[in-house]
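# Architecture and fold: a report
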Amino acid sequence: MHSTRRVGRRAVLGAGFAASVASLGACGDDPAPTAGSGPSAPADAAQDAVAAGAVTDGQGGVAGLSPSGSASAAANGQILSAPYSGKLVDTLKHFLVPTTENPKHPGYAGAVVLVNVGGKVTTHAAVGDALRYGAGPVELAPKSRVAMRPDSIFDVASVTKVYTTILALQQVDRGKLDLAAPVSSYLPAFTGPGKDAVTVQMLLTHTSGLPVGPSIPETSKRPDVAARWEYIVSTPLADGVAPGTLFRYTSLGLLLIQQILEKLTGKPLEQQVKTELTGPLGLRDTGFKPLGWLSAADRAARLVATDARTSRGLLRGTVHDDICNVLGGVAGSAGMFTTAADLSVLGLMFLGGGQVNGRRILAEATVRNALTNKNSGLPATDVDRPARTSTHGIGLEIDQPWFMGRLAGSGAYGHTGFTGCELVVDPKRSLVLVLLTNRAHPNWSWANPDPTRVAVANVIADAG
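Now for a look at the structure at hand. (Residues numbered from 1 in each chain as written. Predicted model: local features only at pLDDT ≥ 70, side-chain atom pairs only at ≥ 80, totals over all residues. Heavy atoms only, no water.)

### Focus: the overall build of the chain
Of the regular secondary structure elements, the chain holds 16 helices and 15 strands. Split into buried and exposed, the 464 residues of the chain put 61% on the buried side. Across the chain, contacts joining residues at least 24 apart in sequence account for 68% of those joining residues at least 6 apart. Accessible surface for the chain amounts to roughly 15,700 Å². Of this, 55% is attributable to carbon and sulfur atoms. (Helix = DSSP H or I, 4+ residues; strand = E, 2+ residues; numbered from the N terminus. Buried < 20%, exposed > 50% of the residue type's maximum accessible area, 1.4 Å probe, protein only. Contact = heavy atoms within 4.5 Å. Areas by Shrake-Rupley, 256 points an atom, 1.4 Å probe, with all protein chains shown as cover.)

### Let's talk about the sheet that holds strand β8 (residues 287-288)
Reading across from one edge, β7-β9-β8 is the order of the three strands in this open sheet, with antiparallel pairing throughout. In this open sheet, the two strands that pair with only one neighbour each are β7 (154-155) and β8. Sheet topology places β7 next to strand β9 (residues 336-338); two bridges connect them, and they run antiparallel. Bridge pairing links F154 to T338 in β9. (Pairing = 2+ DSSP bridges.)

### Quick word on the nonpolar core
In this structure, I166, I257, I260 and F350 are the most contacted members of the largest nonpolar core, which totals 87 residues. Considering every element that reaches this core, the biggest residue donor is helix α13 (residues 340-351), with eight residues. I257 has contacts with T164, A168, V200, L203 and L204, leaving out every residue within four places of it along the chain. Core analysis: the next-biggest nonpolar cluster, separate from the first, contains 28 residues, Y84, A125, M404 and L435 among them. (Core = buried A, V, L, I, M, F, W, Y, C linked by side-chain atoms within 4.5 Å.)

### Notes on the packing of aromatic side chains
The final tally for this structure, using the stated rule, is five aromatic pairs. Note on Y133 and W446: the rings are 5.7 Å apart at their centroids and 85° apart in plane angle, and the pair reads as edge-to-face. Taken together, the residues Y133 in strand β4 (residues 133-134) and W446 in the loop between β15 (431-437) and α16 (450-462) connect sequence positions 313 residues apart. Each member of the pair, Y133 as well as W446, carries the same accessibility label: buried. With a centroid separation of 4.7 Å and 65° between ring planes, the pair formed by W402 and F403 is classed as edge-to-face. As far as burial versus exposure is concerned, W402 and F403 are alike and both buried. Positioned above the aromatic ring of F190, the side-chain terminus of K195 is 4.2 Å from the ring centre. (Phe/Tyr/Trp six-rings, centres within 6.5 Å; stacked < 30°, edge-to-face > 60°. Lys NZ or Arg CZ within 6 Å of the ring centre and 35° of its normal.)

In structure tokens:
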């Protein structure tokens, strides 16, 4: 069973990376959290809150988004104007309860889907709950739950890697970052057997030979964030894997990209996201550590909960990923919080060849290069998803049926997140799909997110 395989793999992560890790496959999402320490989101106000009303342009109307028509917008801010909109909602509701794919637990407590075709939103809908369980986990009484909204704010886990990738590509455009250069030319501490052959591009295509991620216990026991970063940079390559010979998904690559970016710019990643992405694009609901920038009302009504069973208690507004957590809540591999509307703008930017709503973020040639398969002919290893291929651009998966369903095969690209989130772009349909679920609430091992991903994608693909 899928969750059983994941538990075994996470146990390896918790124990540290021994020689056996060299042959271990990686899932397409963040490493799973284990018990850790750190602040947790306040649950008392959230449990008594109720979802607020309609989504207005002031909350959800971001650059590049326009509804298909006011007649199709429901009073609660949902947009259901496509022929497939009703079926998409029914599909999301299907996974609110146990299914044949996941017979013991619901697939998630709640979900949001957004579909944009040709620059217009055709579907934007929410089902279920943003908060259903308290710490323990304990199922809350209906009056204490928080309903999911179209503008709910999610921890999107490894989808964070897309933001970090865009920042890296901007430095390529500016002539400050060479994708073909050795990582050690930017990070002199990146030393060890074989590591001098690792290039920047290998970090972004998951072909570096690095293991699936840093050991959570070993990283956590370092005395401060600086020492934890030193440990991460010093991580050796997996035994028996030469750089450039194997695709194995790893969070280490984007963590190292973060270190490179911070050295190149002299600015922390969080500041780069604000000045280079969310500010220029007007993404008001996107950022790290949302408890610091959301109002009390939005924290109560819009934040989506993840885990409710760890020693950190209920996580709502605090990052789910333990490595990101021990690094202070900001990482190149995880930690971003956003809405479906805000995330869709990144997809529109790629569709626009690096430009959206009149703002150029990346050069068109850079986008074309990023969306070209860099791993042709390479084998892939992933014990959780044996059908996964190595097809990958710079920072983006390409034509992966395990999460794109029948949208794959047309040059579709995107990324997933361990918490149950994803971005998929289908250039042939001029389509952006955002699916956000809280499948890690209250326990990430309860459900495999992939059946939902495939089912939603297939509804759209089958509609033509």
